[in-house]
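These are the residues of each chain, in order.
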Amino acid sequence: MSLFVHTSVWSLAFRRYRCSFLTGTTTSMPAELRNRCRRAGIHIGTIDALLAQLCIGHDLTMLTTDGDFRHVAKQSVLKVWSVSA
């Protein structure tokens, strides 16, 4: 796949789903969430914290098979819909 086709496919996806780019605020808030969870004894990875914060920031419900996000939801306003794998 050429770079041009690859770029245009992503552009179409961004337009269709209105994806937002990360900003400085968006990237610092997952660290705060991760620290809050760590102080409560919940270990969350960097990428999981980023995903959780994106859901919180856009008022989305996270659909996941990872039960760890239920623990994160207890320390934040994250809405989680858990399904079994």
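Residues numbered from 1 in each chain as written. Predicted model: local features only at pLDDT ≥ 70, side-chain atom pairs only at ≥ 80, totals over all residues. Heavy atoms only, no water.

## Remarks on the overall build of the chain
Link 1 in the chain: Within the chain one finds four helices and two strands.
Link 2 in the chain: In sequence order, the chain lays out its α and β elements as α-α-α-β-α-β.
Link 3 in the chain: With 85 residues in all, the chain has 18% of them scored as buried.
Link 4 in the chain: Counting only contacts in the chain whose residues sit at least 6 apart along the sequence, the fraction spanning at least 24 positions is 28%.
Link 5 in the chain: When the accessible surface of the chain is totalled, it reaches about 6,400 Å², and 60% of it is carbon and sulfur. (Helix = DSSP H or I, 4+ residues; strand = E, 2+ residues; numbered from the N terminus. Buried < 20%, exposed > 50% of the residue type's maximum accessible area, 1.4 Å probe, protein only. Contact = heavy atoms within 4.5 Å. Areas by Shrake-Rupley, 256 points an atom, 1.4 Å probe, with all protein chains shown as cover.)

## Comments concerning the environment of S28
Link 1 in the chain: Considering the arrangement of structural elements, one finds S28 in helix α2 (residues 24-39).
Link 2 in the chain: Accessibility expressed as a relative area gives 34% for S28, which makes it partly exposed.
Link 3 in the chain: In sequence terms S28 and L50 are 22 residues apart; their C-alpha atoms lie 9.2 Å from each other.

## Here we look at the pairing of strand β2 (residues 79-82)
Link 1 in the chain: Across four bridges, the pairing between strand β1 (residues 61-64) and β2 is parallel. Note that in β2 the partner of M62 across the bridge is V80. (Pairing = 2+ DSSP bridges.)

## Concerning the pairing of β1
The two faces of the sheet receive side chains in turn, since in a regular strand these alternate between them.
Link 1 in the chain: Residues M62 and T64 of β1 are buried on one face, while the alternating residues T61 and L63, pointing to the opposite face, are not.
Link 2 in the chain: Handedness of the crossover joining β1 and β2 through helix α4 (residues 68-74) is recorded here as right-handed. (Right-handed = clockwise from strand over helix to strand, strands pointing away.)

## Looking at the nonpolar core
In globular proteins that are soluble, nonpolar side chains generally tend to be buried together.
Link 1 in the chain: Core analysis: the biggest nonpolar cluster contains eleven residues, these being L33, C37, I42, I44, A49, A52, C55, M62, F69, V72 and L78.
Link 2 in the chain: Mapped by element, the contributors of at least two residues to this core are α2, α3 (46-57) and α4.
Link 3 in the chain: At three residues, α3 tops the list of elements feeding residues into this core.
Link 4 in the chain: Beyond its immediate sequence surroundings of up to four residues, L33 is in contact with A49, A52, Q53, I56, V72 and S76. (Core = buried A, V, L, I, M, F, W, Y, C linked by side-chain atoms within 4.5 Å.)

## Considering a nonpolar patch on the surface
Link 1 in the chain: Judged by side-chain polarity, L63, W81 and V83 come together as a nonpolar surface patch covering roughly 330 Å² of accessible area.
Link 2 in the chain: Inspection of the secondary structure assignment puts V83 in the segment after β2.
Link 3 in the chain: Residue class for V83 comes out partly exposed when judged on its relative accessible area of 33%. (Patch = residues over 30% accessible without salt bridge, like charges linked within 9 Å, V, L, I, M, F, W, Y side chains within 5 Å. Salt bridge = Lys/Arg side-chain N within 4 Å of Asp/Glu carboxyl O.)

## A closer look at the confidence of the model for the chain
Link 1 in the chain: Confidence in the prediction of the chain, expressed as mean pLDDT, is 78, and 67% of residues score 70 or more.
Link 2 in the chain: By mean pLDDT, the top-scoring element of the chain is α4 (93), and the lowest-scoring one is helix α1 (residues 3-17) (51).
Link 3 in the chain: Scored below 50 in pLDDT, residues 1-6 shows one contact in the model against residues more than four places distant or in partner chains. (pLDDT = per-residue confidence, 0-100.)

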